[in-house]
Amino acid sequence: MEKQLGVITAEYTYLRSGMEESDGRNRTGIEDEIFAGWAIRILQENPAKDFVKVETHYGYTGYVDRRDFRRVTRKELEQRQDKERFLRIQTGEADLLDQPKVQGLPLELLLKNSIVELLEREVAEGWSKVRSASGREGYIHTQNLKRRMDHDGYLLTEEKKADYFQNWENPVCHDGLADEEVLRERLEDSAREFLGTQYRWGGKSSQGIDCSGLVFMSYLDQGILIYRDADIKEAYPVKRIPVEQLKKGDLLFFPGHVAMYLGEGKYIHATGYYQTPYVTINSLKKSDPDYRPDLAENITECGSIFV
């Protein structure tokens, strides 16, 4: 039986831990959010229910509202891997306009790393025509478009997670990026783009983001798919390392929390801490004013893809 596949058409959809209750409301926790143009595999559905069990292209499972995606064929999903034709949004948010000028009417809001189809580049100076996953055609600043770094290969293969994510191209050399130090710098740059973003449980966007969402999106920005939660999973690229080996771009894990190490004792993280409920930078050094003993004294493990 052919796999049932889909593409998110909503601006974003929440991935929930369960289906809706008998009264139609959904009280289950938000596990994740998926953006327009992202692909899913349909695992289980009940025609009488609004929520469908799915798996993402990075191997995460949960339930999404069936109104937030459309079904696609395997052939269509394969075509969507064309990185010259299907591009991602590189800014935190970008308007899709009805005209190639700033006075145009916004048709749709596209979040960072949403995927759009390029119809025509430079229809006017600095403007390109695109089609969003919802089917709307409009115009966007060409500078807001960037080549997609990751792909949906996991949904197109029969391999298990342990086989696919372990063997999916050497992350350090992925997409032609072979220099480890350059990649470490880019990981930091991607994380810093979210500085000041409010904390949102299950979030991964400029509207709100959580701790594992921050590191996940920073790595995805460089074409690397890591586990979405604050944990090291054997099937994914992050491997355990001693704290003494920490370098920029590596990960620090605490009970129920994860951060990205920046070097010199500093780390960046999305935190729901009452004094800093947003993406911020803290220190592992007691002498620094941004030292947080509740984290620094409770490191459970460290991880890196560079092993």
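Residues numbered from 1 in each chain as written. Predicted model: local features only at pLDDT ≥ 70, side-chain atom pairs only at ≥ 80, totals over all residues. Heavy atoms only, no water.

J.: Any chance you could break down the overall build of the protein for me, citing the residues and the numbers?
T.: Within the protein, the regular secondary structure consists of five helices and 22 strands. The globule rule puts the C-alpha radius of gyration for 307 residues at 19 Å, and the 20 Å found for the protein is close to it. Considered along the principal axes of its C-alpha atoms, the protein spans approximately 55 × 50 × 40 Å. Per-residue burial for the protein yields a buried fraction of 53% across its 307 residues. If you take every contact in the protein between residues at least 6 apart in sequence, the share linking residues at least 24 apart comes to 58%. Of the roughly 13,800 Å² of accessible surface on the protein, 46% is carried by carbon and sulfur atoms. (Helix = DSSP H or I, 4+ residues; strand = E, 2+ residues; numbered from the N terminus. Rg over C-alpha atoms; globule rule 2.2 N^0.38 Å. Buried < 20%, exposed > 50% of the residue type's maximum accessible area, 1.4 Å probe, protein only. Contact = heavy atoms within 4.5 Å. Areas by Shrake-Rupley, 256 points an atom, 1.4 Å probe, with all protein chains shown as cover.)

J.: Can you lay out helix α3 (residues 180–192) for me, pointing to particular residues and giving the numbers?
T.: The terminal C-alpha atoms of α3, which comprises 13 residues, lie 19 Å apart, in line with the 18 Å expected from a rise of 1.5 Å per residue. For α3, the full list of buried residues reads L183, R184, L187, E188, S190 and A191. Along α3, the residues classed as buried sweep out an arc of 160 degrees about the axis, all on the same side. On the buried face of α3, the contacting elements are α4 (211–220), β19 (257–263), β20 (266–270) and β22 (301–304). The N-terminus of α3 is capped by D179, whose side-chain oxygen sits 3.0 Å from the backbone nitrogen of E181. (Expected span 1.5 Å × (residues − 1). Arc of directions from axis to C-beta. Polar contact = N/O pair within 3.5 Å; in protein donor to acceptor, adjacent residues only side chain to side chain.)

J.: Go over the side chain of Q222, please, and point to the residues and values.
T.: Inspection of the secondary structure assignment puts Q222 in the loop between α4 and β17 (239–241). Polar side-chain contacts of Q222 include one of 3.5 Å to the backbone oxygen of R186.

J.: An account of the packing of α3 against α4 is needed here, citing residue identities and associated values.
T.: Between α3 and α4, the shortest axis-to-axis distance is 8 Å and the interhelical angle comes to 130 degrees. Between α3 and α4, the crossing angle belongs to the class labelled oblique. Remark: the crossing between α3 and α4 carries right-handed chirality. Here L187, S190 and A191 of α3 lie close against α4, whose contacting residues are L214, S218 and Y219. Classifying every residue of the contact of α3 with α4 gives four nonpolar, two polar and no charged. (Axes fitted to C-alpha atoms, helices over the stretch in contact; angles between N-to-C directions. Parallel < 35°, antiparallel > 145°, perpendicular 65-115°, else oblique. Left-handed = near helix turned anticlockwise from the far one by under 90°. Nonpolar A, V, L, I, M, F, W, Y, C, P; charged D, E, K, R; others polar.)

J.: Lay out the pairing of strand β1 (residues 4–8) in plain terms, naming residues and giving numbers.
T.: Most of β1 sits out of view: four of its five residues are buried. Alignment of β1 against strand β4 (residues 39–44), held across four bridges, turns out to be antiparallel. The residue bridging G6 from the neighbouring strand is I40, located in β4. Where β1 and strand β7 (residues 69–72) come together, four bridges link them in antiparallel fashion. By the bridge assignment for β7, L5 is matched with V72. (Pairing = 2+ DSSP bridges.)

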